[in-house]
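# Structural features, examined
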Amino acid sequence: MTVATRSHVAVEGLSVAAYTIPTDAPESDGTLEWDSTTIVVVEARAGNETGLGYTYAPAAAGAVIDEKLRDIVHGADALAVRRTWARCAAELRNAGRPGLGFTALSAVDIALWDLKARLLEQPLATLLDARHETVPVYGSGGFTSYSLERLREQLGGWVADGIPRVKRKISREPEPVARP
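Scope of this entry: the structure provided in the associated data block. Fair warning: this is a prediction, and the values are worked out from it, not measured in the lab. (Residues numbered from 1 in each chain as written. Predicted model: local features only at pLDDT ≥ 70, side-chain atom pairs only at ≥ 80, totals over all residues. Heavy atoms only, no water.)

So, on to the overall build of the chain. Across its full length, the chain carries five helices and five strands. Seen in sequence order, the chain has helices and strands lined up from the N terminus as β-β-β-α-α-α-α-β-α-β. Compactness check: the chain gives a C-alpha radius of gyration of 20 Å against a globular reference of 16 Å for 180 residues, more than 25% above the reference. Projected onto its principal axes, the C-alpha positions of the chain cover 75 × 40 × 25 Å. The contacts of the chain with a sequence gap of at least 6 include a subset with a gap of at least 24, amounting to 63%. Accessible surface, the chain as shown: approximately 11,400 Å² in total, 53% of it carbon and sulfur. Averaging the positions of the 20 positive and the 23 negative side-chain charges in the chain gives two centres separated by 6 Å. (Helix = DSSP H or I, 4+ residues; strand = E, 2+ residues; numbered from the N terminus. Rg over C-alpha atoms; globule rule 2.2 N^0.38 Å. Contact = heavy atoms within 4.5 Å. Areas by Shrake-Rupley, 256 points an atom, 1.4 Å probe, with all protein chains shown as cover. Lys, Arg positive; Asp, Glu negative; His and termini not counted. Charge placed at Lys NZ, Arg CZ, Asp CG, Glu CD.)

The residue Asn48 is not glycine, and still its phi comes out positive at about 65°. Within the secondary structure, Asn48 is located in the loop between strand E2 (33–46) and strand E3 (49–56). Its identity is not glycine, yet Glu121 carries a phi of approximately 55°, on the positive side. Mapped onto the secondary structure, Glu121 falls in the loop between helix H3 (100–119) and helix H4 (124–127).

On to the packing of aromatic side chains. Under the definition given, this model contains four aromatic pairs. Taking 5.9 Å as the distance between ring centres and 75° as the angle between the ring planes, the aromatic pair formed by Tyr54 and Tyr56 counts as edge-to-face. Among the aromatic residues, those joined into a cluster by ring pairs are Trp34, Phe143 and Tyr146. Positioned over the ring face of Tyr146 is Arg150, at 4.0 Å from the centre of the ring. (Phe/Tyr/Trp six-rings, centres within 6.5 Å; stacked < 30°, edge-to-face > 60°. Lys NZ or Arg CZ within 6 Å of the ring centre and 35° of its normal.)

Right, here's the structure in full:
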């Protein structure tokens, strides 16, 4: 039996880790200031393959995965991602739906879709039927803590690289700033 014709492949393991990565300089948007970002990384294993998923969230999202989702995912059919997602979503009913719980679930979901694609030896975009000839992209950044020089460099660099759209943060000031 080839990988592509498997009908059930049990998820054998789930690894979760959180990493806090400092930013190169303080960043801010219209609501907060920060000097680091935390990423929660999930690896799902089955049939000699590993799927990778992640989310930007507090390390507590990893604890939600360990406490609420791990037992549901372990042993579940790696090829039935939607079914596993529904079971996990039901488990999170009183634990943060929406919120931290679904942030945790998103990392698991991405890892399971990646695992399924690897098991079926298909590109993930093909598995999700997400092929497009072109995709509009934009650069996202422009933090309010950046100097004008850094903003020009970042946003102008994206345009110079052929990215025709950019998104930047506007202000942290609640009142309009008077212009001379």
